[in-house]
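# Observations on chain architecture
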Amino acid sequence: MALQVFMIFTQSMNWDEFFHYSQVYELQRGELTRNYQVLHARVFAWVPLLGGDIITQLQVARLGMLGFELVAFLAVVGLARQFADRTAAWLAGLAWLAGGYVFLHGFSFRGDPMATAGLMTALYIVSRRKLTWPMILLASAAVAFAFMTTLKSVFYAPCFAGLAWLRFTQSADRWDLVRRYAAVATLAPLFFAAMYFLHRSGLPTAEVTAPRLPSNGTRFFAEGLFPRGRYTVTQLAMAPVLPLAVGIASWLAWCARQHAQLLALAGLVVPALAVILYRNSFPYYFVFALAPFVVAAASGLASLKGRFGTVLLVVALLISPIVLTLKEPKNILPRQRAVITEVNRLFPRDTLHLSYTGMPADYPRVLNHLVSGIGIEGYYRAERPKIAEAIIDGKLAFVIADNPVIIAALAGKPMPRTLLPADVAGLQRNYVNYWGPIWLPGKQVDRAGALEIDIAGPYTLAGAPVMLDGARLSPGATVNLQRGTHRVAPPEDGESTFWLGNRAPVSPTQPLTGPYYYGF
């Protein structure tokens, strides 16, 4: 965890973190229209009140997610005591924290740490605690909290079923236990309904900007076997002890003919096995999936501990996080901060923009969903060119070219089934690279002899002098241009750009080159 605290302040922000944090500001502006799987926006609505730039705010939010990770860690340790001794239970917790992608993303600003904390807490209560009414209420609320965070909480259903059956077989008063489990099963949906309607009641009734596709849910399981197989292979390479320990635990239970325990172990590994079919089994998914998996590994870890010793096992588990800490590039986060700082310098906070996920999270986006995957395909199918509309209305003040779809559109080479033709034409014709990934409205003067203006308004010349509609313009001159074609003579020396606005923007002297994300 000490290494993770270090990583919170040095690891670059993943694009998905910017996207999720932009929803906090959508809620603040009264623009959040999603009524489900956005509980993080409510839970962390206080973070913008602290001030600072977006990077600083996200680092604070990461500390909050680290708190959820700590809750999940303690639940893992407590639940692992069902299958192993105290030392092996703590080793299971360490194995989860140090387990490859869990180490890298356990504190990321997404719903996964929150859902994992809720579900593992509930599993611990129903499996290990005396089910008094306060415990029943807490377990029910924890399950509801997790389901409000993410629908994939349903993957934990086999975990609950297996552990419930194990406790049932061990209980002296089985029907009393059944009644108490029934109370949890009844109260959890009621808590969920209360949370859902409380959240929904505070949202506007505006049009949802990312249309749902038909059979949207089934699409997450329709890309064949191991749709994100390379991440699964990488995870196995970073934490090879975990599958080994689960295999040992299963073998021990089989040899001892502990069929109820074997069934419980099988249920605990189901979320991890979902990577076989689940489309969104990206690295952050392993935070969610491996928490019950390491519980299943507890008795296997106890066996390895007995054979190799605790110290050697701890060293083996710590190799991965140490290597990952050293490997993480430290130059991407400053680039992200530089882009955000420059946007803050150029524009007020209510300025509309286009970006992949909302790197400047406190600025409204013309598309408030990811410019990739199902989100952008839904936009394409809706056939309404919102980007082009915003361009023509003069509302799209800047573009951040931070993903292939946007970069291709600005170059006039659209990627199939992403942005609409009108969007691509509008971006290519009306935006000029300003600095780094930031593009601003303007027109570069080429040698075609014509200047096509789509956005009427004042334009300021930068670069070399030009002849426009028969008049000579010097750098710094501002002229009002109407939509349509204007005659222009190309500059004799150098390049010329007409920037939309009453003055030409002055970029920082230090050039900025990518990448702007490290990926996963």
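Coordinates for the structure precede this section.
Residues numbered from 1 in each chain as written. Predicted model: local features only at pLDDT ≥ 70, side-chain atom pairs only at ≥ 80, totals over all residues. Heavy atoms only, no water.

Here the focus is the overall build of the protein. Helix and strand counts for the protein stand at 21 helices and eleven strands. Dimensions of the protein along its principal axes, counting C-alpha atoms only, are 95 × 50 × 45 Å. The buried share among the 520 residues of the protein stands at 54%. Of the contacts formed within the protein by residues at least 6 apart in sequence, a portion of 75% connects residues at least 24 apart. (Helix = DSSP H or I, 4+ residues; strand = E, 2+ residues; numbered from the N terminus. Buried < 20%, exposed > 50% of the residue type's maximum accessible area, 1.4 Å probe, protein only. Contact = heavy atoms within 4.5 Å.)

Below, the discussion takes up the nonpolar core. Ranked by size, the top nonpolar core spans 172 residues in total, and within it Trp96, Leu354, Ile387, Leu396, Leu419 and Leu427 carry the most contacts. Ranked by residue count, the leading element in this core is helix α4 (residues 54–80), at 14 residues. When near neighbours in sequence (up to four residues on either side) are disregarded, leucine 354 contacts Val366, Leu367, Val371, Ile387, Leu396, Phe398, Val399, Ile400, Ile406 and Leu427. (Core = buried A, V, L, I, M, F, W, Y, C linked by side-chain atoms within 4.5 Å.)

The next thing to look at is the environment of leucine 461. Within the secondary structure, leucine 461 is located in strand β6 (residues 457–463). As a C-alpha pair, leucine 461 and lysine 443 span 18 residues in sequence and 9.5 Å in three-dimensional space. If we ignore the near neighbours within four places in the chain, the residues touching leucine 461 are Val466, Leu473, Ser474, Pro475, Gly476, Ala477, Ser496, Thr497 and Phe498.

Turning our attention to the pattern of salt bridges. Inspection of the entire model under this criterion finds 13 salt bridges. Two residues, arginine 29 and glutamate 31, come together in a salt bridge whose shortest N-O distance is 3.0 Å. Here the residues in one salt-bridge network are Asp176, Arg179 and Arg180, joined through shared partners. (Salt bridge = Lys/Arg side-chain N within 4 Å of Asp/Glu carboxyl O.)

Along the polypeptide, aspartate 423 turns up in helix α21 (residues 421–430). The side chain of aspartate 423 is buried and forms no salt bridge, while arginine 384, the nearest opposite charge, is found at 9.2 Å. If we ignore the near neighbours within four places in the chain, the residues touching aspartate 423 are Tyr379, Pro385, Lys386, Ile387 and Ala388. (Lys, Arg positive; Asp, Glu negative; His and termini not counted.)

Moving on, we get to the sheet that holds strand β10 (residues 484–489). Taken together, the four strands give an open sheet; going across it, the order is β5-β10-β7-β8, and neighbouring strands pair in antiparallel fashion. Of all strands in the sheet, those bounded by a partner on one side alone are β5 (450–453) and β8 (471–473). On average, each strand axis in the sheet is inclined to that of its neighbour by 35 degrees, with strand direction left out of account. Pairing between β5 and β10: four bridges, direction antiparallel. When the bridges of β10 are listed, glutamate 452 appears paired with threonine 485. (Pairing = 2+ DSSP bridges. Axes fitted to C-alpha atoms, helices over the stretch in contact; angles between N-to-C directions.)

Take unusual backbone geometry next. Unusually for a residue other than glycine, phenylalanine 226 sits at a positive phi of about 45 degrees. Locating phenylalanine 226 in the fold gives a position in the loop between α10 (174–201) and α11 (229–238). Overall, phenylalanine 226 belongs to the partly exposed group, its relative accessible area being 43%. Phi is positive for arginine 417, close to 55 degrees, though the residue is something other than glycine. In this fold, arginine 417 is placed in the loop between α20 (404–410) and α21.

On to helix α13 (residues 259–273), then. Spanning 15 residues, α13 covers 20 Å between terminal C-alpha atoms, matching the ideal 21 Å at 1.5 Å per step. Residues of α13 that are buried include every one of Ala260, Gln261, Ala264, Leu265, Gly267, Leu268, Val269, Pro271 and Ala272, and no others. Residues of α13 that are buried in the fold lie against α9 (157–170), α12 (241–255) and α14 (285–296). (Expected span 1.5 Å × (residues − 1).)

One pass over the structure, following the stated rule, counts 28 aromatic pairs. Between tyrosine 101 and phenylalanine 286, the ring centres sit 5.8 Å apart and the planes meet at 25 degrees, which makes this aromatic pair stacked. Separated by 185 residues along the polypeptide, tyrosine 101 in helix α6 (residues 101–105) and phenylalanine 286 in helix α14 bring together distant segments of the chain. For tyrosine 101, a relative accessible area of 5% gives the class buried. One aromatic cluster is present, built from ring pairs that chain together Tyr101, Phe155, Tyr156, Tyr231, Tyr278, Phe282, Tyr284, Tyr285, Phe286 and Phe288. The side chain of lysine 152 reaches across the aromatic face of phenylalanine 288, ending 5.6 Å from its centre. (Phe/Tyr/Trp six-rings, centres within 6.5 Å; stacked < 30°, edge-to-face > 60°. Lys NZ or Arg CZ within 6 Å of the ring centre and 35° of its normal.)

Here we take up a nonpolar patch on the surface. Nonpolar side chains collect at one region of the surface, where Phe221, Leu225, Phe226, Leu273, Ile276 and Leu277 lie side by side and expose about 560 Å² of accessible area between them. Its location among the elements puts leucine 225 in the loop between α10 and α11. Take leucine 225: its relative accessible area is 63%, and that puts it in the exposed class. (Patch = residues over 30% accessible without salt bridge, like charges linked within 9 Å, V, L, I, M, F, W, Y side chains within 5 Å. Areas by Shrake-Rupley, 256 points an atom, 1.4 Å probe, with all protein chains shown as cover.)

Contact pair helix α7 (residues 112–128) / α9: the axes reach a minimum separation of 9 Å and the direction vectors enclose 15 degrees. By the angle between their directions, the pair α7 and α9 is classed as roughly parallel. Here α7 runs over α9; the crossing is right-handed. Contacts from Leu119, Ala122, Leu123, Ile125, Val126, Ser127 and Arg128 in α7 reach Cys159, Phe160, Leu163 and Arg167 in α9. Along the lines of polarity and charge, the residues of the contact of α7 with α9 split into eight nonpolar, one polar and two charged. (Parallel < 35°, antiparallel > 145°, perpendicular 65-115°, else oblique. Left-handed = near helix turned anticlockwise from the far one by under 90°. Nonpolar A, V, L, I, M, F, W, Y, C, P; charged D, E, K, R; others polar.)

For the rest of this paragraph, the subject is the packing of α12 against α14. In the contact formed by α12 and α14, the axes pass within 8 Å of each other and the chain directions differ by 45 degrees. For the element pair α12 / α14, the angle class is oblique. Each of Leu242, Pro243, Val246 and Ala249 in α12 lies in contact with α14, whose residues at this interface are Leu290, Phe293, Val294 and Ala296. Of the residues contributing to the contact of α12 with α14, the split by class is eight nonpolar, no polar and no charged.

Take the side chain of glutamate 328 next. Along the chain, the position of glutamate 328 falls in the loop between α16 (310–327) and α17 (332–346). Buried and without a salt bridge, glutamate 328 has lysine 330 as its closest oppositely charged side chain, separated by 6.4 Å. Dropping the residues within four chain positions of it, glutamate 328 is found in contact with Met7, Gln11, Ser12, Leu104 and Tyr518.

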